[in-house]
Amino acid sequence: MSENKGCNCCGDIVDLTIISNDTNKCPICKQEGKKVKNVTVRHLVKDEYETSVDSSNYSICMNENCDTVYYSENNKVQFSKEQIKVSIWFKKEADPRYACYCSKVTIDQVKEAVKDKGAQKMKDVLAITGAMRNSNCEIKNPLGVCCHEAIQQAIDEALAE
Ligand SMILES: [Zn+2]
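Residues numbered from 1 in each chain as written. Predicted model: local features only at pLDDT ≥ 70, side-chain atom pairs only at ≥ 80, totals over all residues. Heavy atoms only, no water.

Caption draft 1: Representation of the packing of aromatic side chains in the model. According to the stated counting rule, one finds four aromatic pairs in the structure shown. Aromatic side chains Tyr98 and Tyr101 sit 5.4 Å apart centroid to centroid with 65° between the ring planes, which places their arrangement in the edge-to-face category. Neither Tyr98 nor Tyr101 differs from the other in exposure class; each is buried. (Phe/Tyr/Trp six-rings, centres within 6.5 Å; stacked < 30°, edge-to-face > 60°. Buried < 20%, exposed > 50% of the residue type's maximum accessible area, 1.4 Å probe, protein only.)

See the structure below:
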């Protein structure tokens, strides 16, 4: 993933290269996480935990088997799956598994569009499912980035199945 395609579906160019250079490790499973914006964490933790979000930088643990979701740079603050408002699609037993959090379209709906409704390309899937219609990825998507990549991955998987 060295190519930076960016994405302007949110009216905002997302710089995907920030993510791949990160070396911040999850305090629990010690795997490398991805950086997320403070504003994303602030919006996605349950209301009762909002005051626990300090002003530091946060990362998200990408390990599907780890219950930790967000952790601060100094590891002082951590949030587990149960403390987040939405299910994190790549974590084990996530339900529902959203590909697009803004328009609440699941990975299964994307796959269904490909397998049962003949969608082949991104634009077909978006037309059928309504994904990315109300984009507000910075505060709706747990990674704070555009869901374009997750949708494309689901399309590729469905085409290969
Ligand atoms: Zn972890």
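Caption draft 2: Focus on unusual backbone geometry. In the segment running from Asp95 into Pro96, the intervening peptide bond is cis, with an omega of -5°. Along the polypeptide, Pro96 turns up in the loop between β4 (78–80) and β5 (98–100). Phi angles above zero are rare outside glycine, and Asn75 is one such case at about 65°. Tracing the chain through its elements places Asn75 in the loop between β3 (68–72) and β4. The backbone of Glu93 sits at a positive phi, close to 60°, despite the residue not being glycine. Of note, Glu93 is situated in the loop between β4 and β5. (Helix = DSSP H or I, 4+ residues; strand = E, 2+ residues; numbered from the N terminus.)

Caption draft 3: Quick peek at helix α6 (residues 148–160). Here α6 is 13 residues long and its end C-alpha atoms lie 18 Å apart, about the 18 Å a rise of 1.5 Å per residue gives. Every buried residue belonging to α6 is among Ala150, Ile151, Ala154, Ile155 and Ala158, and all of these are buried. Seen end-on, α6 carries its buried residues on one side only, within an arc spanning 140°. Residues of α6 that are buried sit in contact with β5, α3 (107–115) and α4 (122–129). (Expected span 1.5 Å × (residues − 1). Arc of directions from axis to C-beta. Contact = heavy atoms within 4.5 Å.)

Caption draft 4: Local environment of the coordination of the zinc ion. Distances from the zinc ion to its protein donors, Cys26 (SG), Cys29 (SG), Cys61 (SG) and Cys66 (SG), fall within 2.2 to 2.4 Å. For the zinc ion, the four donor atoms in the first shell make angles of 101 to 115° at the metal, so the coordination geometry reads as tetrahedral. Read N to C, the donor residues that coordinate the zinc ion are spaced as C-x2-C-x31-C-x4-C. Of this pair, Cys29 sits in the loop between α1 (17–20) and β1 (33–36) while Cys61 sits in strand β2 (residues 58–61), placing them 32 residues apart in sequence. Using a relative accessible area of 23% as the deciding quantity, one classes Cys29 as partly exposed. A relative accessible area of 0% places Cys61 in the buried class. (Donors = N, O, S within 2.8 Å, 3.2 Å for Na, K, Ca; no water. Tetrahedral: all angles 85-135°; square planar, octahedral: opposite > 155°, others 65-115°.)

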